[in-house]
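# Structure assessment
Residue-level listing of the chains:
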Amino acid sequence: MSLLVTIDTNPDFAPKHALPAPERLISGNPSFKTWAQDASKGEKVLTGVWEATPGETHSIKGTTFEFCHILSGLIEIEEKGGETRRYRAGDSFVMKPGFVGVWRTIETVRKIYVCHYD
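Under an unreviewed UniProt entry, the name given to the protein chain is Cupin domain-containing protein, and the source organism is Bradyrhizobium vignae.

This is the structure we're talking about:
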């Protein structure tokens, strides 16, 4: 098994489909697709591609650390008690444990994610 993993940004296998939890939905009718591509450290580190259609949800990271690289689309993230930032194709960011805010998908977004769960 190789320790070098290439993330396929246009996977040819079926994604896992999901909807936001009702208590997290703020507005719109967003749906999510996840193409999980790697799991390490006993499923504590997950990597793949994620896509969301327009809508607005509460983002609560808890103990999760998440790195994101936007492949396409446009989002806004509003940190509770902080500023609102826009991210589009080519942008990268990290949501650290304890992050609480609002995720707004303005244009259908696709991202590479790396999540570390405690």
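Turning next to the overall build of the protein chain. Broken down by element type, the protein chain carries zero helices and nine strands. For the protein chain, the α and β elements follow one another from N to C terminus as β-β-β-β-β-β-β-β-β. Scaling as 2.2 N^0.38, a compact globule of 118 residues should have a C-alpha radius of gyration of about 13 Å, and the protein chain matches this with 14 Å. Residues classed as buried in the protein chain amount to 36% of the 118 residues present. Surface summary for the protein chain: the accessible area is close to 7200 Å², and the carbon and sulfur share equals 53%. With 14 positive and 15 negative side-chain charges, the protein chain shows a separation of 3 Å between the mean positions of the two kinds.

Moving on, we come to the pairing of strand β4 (residues 45-52). Taking burial as the measure, the eight residues of β4 include seven buried ones, the bulk of the element. Of the pairings in the sheet, the one linking strand β3 (residues 32-40) to β4 comprises eight bridges and is antiparallel in character. Paired with Asp38 across the strands is Thr47, a residue of β4. Hairpin connection, β3 to β4: the antiparallel pair is bridged by four residues, and Lys41 has positive phi, about 55 degrees.

Here we take up the side chain of Thr105. For Thr105, the position within the fold is in strand β9 (residues 100-116). The class of Thr105 is buried, set by a relative accessible area of 7%. Within the local environment of Thr105, its side chain forms a polar contact with the side chain of Trp103, the two groups lying 2.9 Å apart. Setting aside residues up to four positions removed in sequence, Thr105 forms contacts with Ala52, Thr53, Pro54, Gly55, Leu74 and Ile75.

Criteria and thresholds
The numbering scheme is per chain: residues are counted from 1 as the chain's sequence reads. Only residues with pLDDT of 70 or above have their local features reported here, since the model is predicted, and side-chain atom pairs are shown and tallied only from 80 upward, although totals for entire chains, interfaces and linings are computed over all residues. As a rule here, side-chain values come from all non-hydrogen atoms in the structure, and water together with hydrogens is ignored. The helix and strand labels rest on DSSP assignments: H or I over at least four residues marks a helix, E over at least two residues marks a strand, and numbering proceeds from the N terminus. Here the radius of gyration uses the C-alpha set of atoms, whereas the globule reference equals 2.2 Å times the residue count to the power 0.38. Between buried and exposed lies partly exposed: a residue is buried under 20% and exposed over 50% of the maximum accessible area for its type, with that area taken using a 1.4 Å probe on protein chains only. Values of accessible area rely on a 1.4 Å probe in the Shrake-Rupley scheme; residue burial ignores everything except the protein chains shown. Working convention for charge: Lys and Arg count positive, Asp and Glu count negative, and His plus the chain ends are omitted. Think of each charge as sitting on NZ of Lys, CZ of Arg, CG of Asp or CD of Glu. A pair of strands is considered paired only if DSSP assigns at least 2 bridges between the two. Polar contacts, as counted here, are pairs of nitrogen or oxygen atoms within 3.5 Å of one another; within protein the pair requires one atom able to donate a hydrogen and one able to accept it, and residues that are adjacent in sequence qualify only if both atoms are side-chain atoms. Every residue pair with non-hydrogen atoms within 4.5 Å of one another is taken to be in contact.

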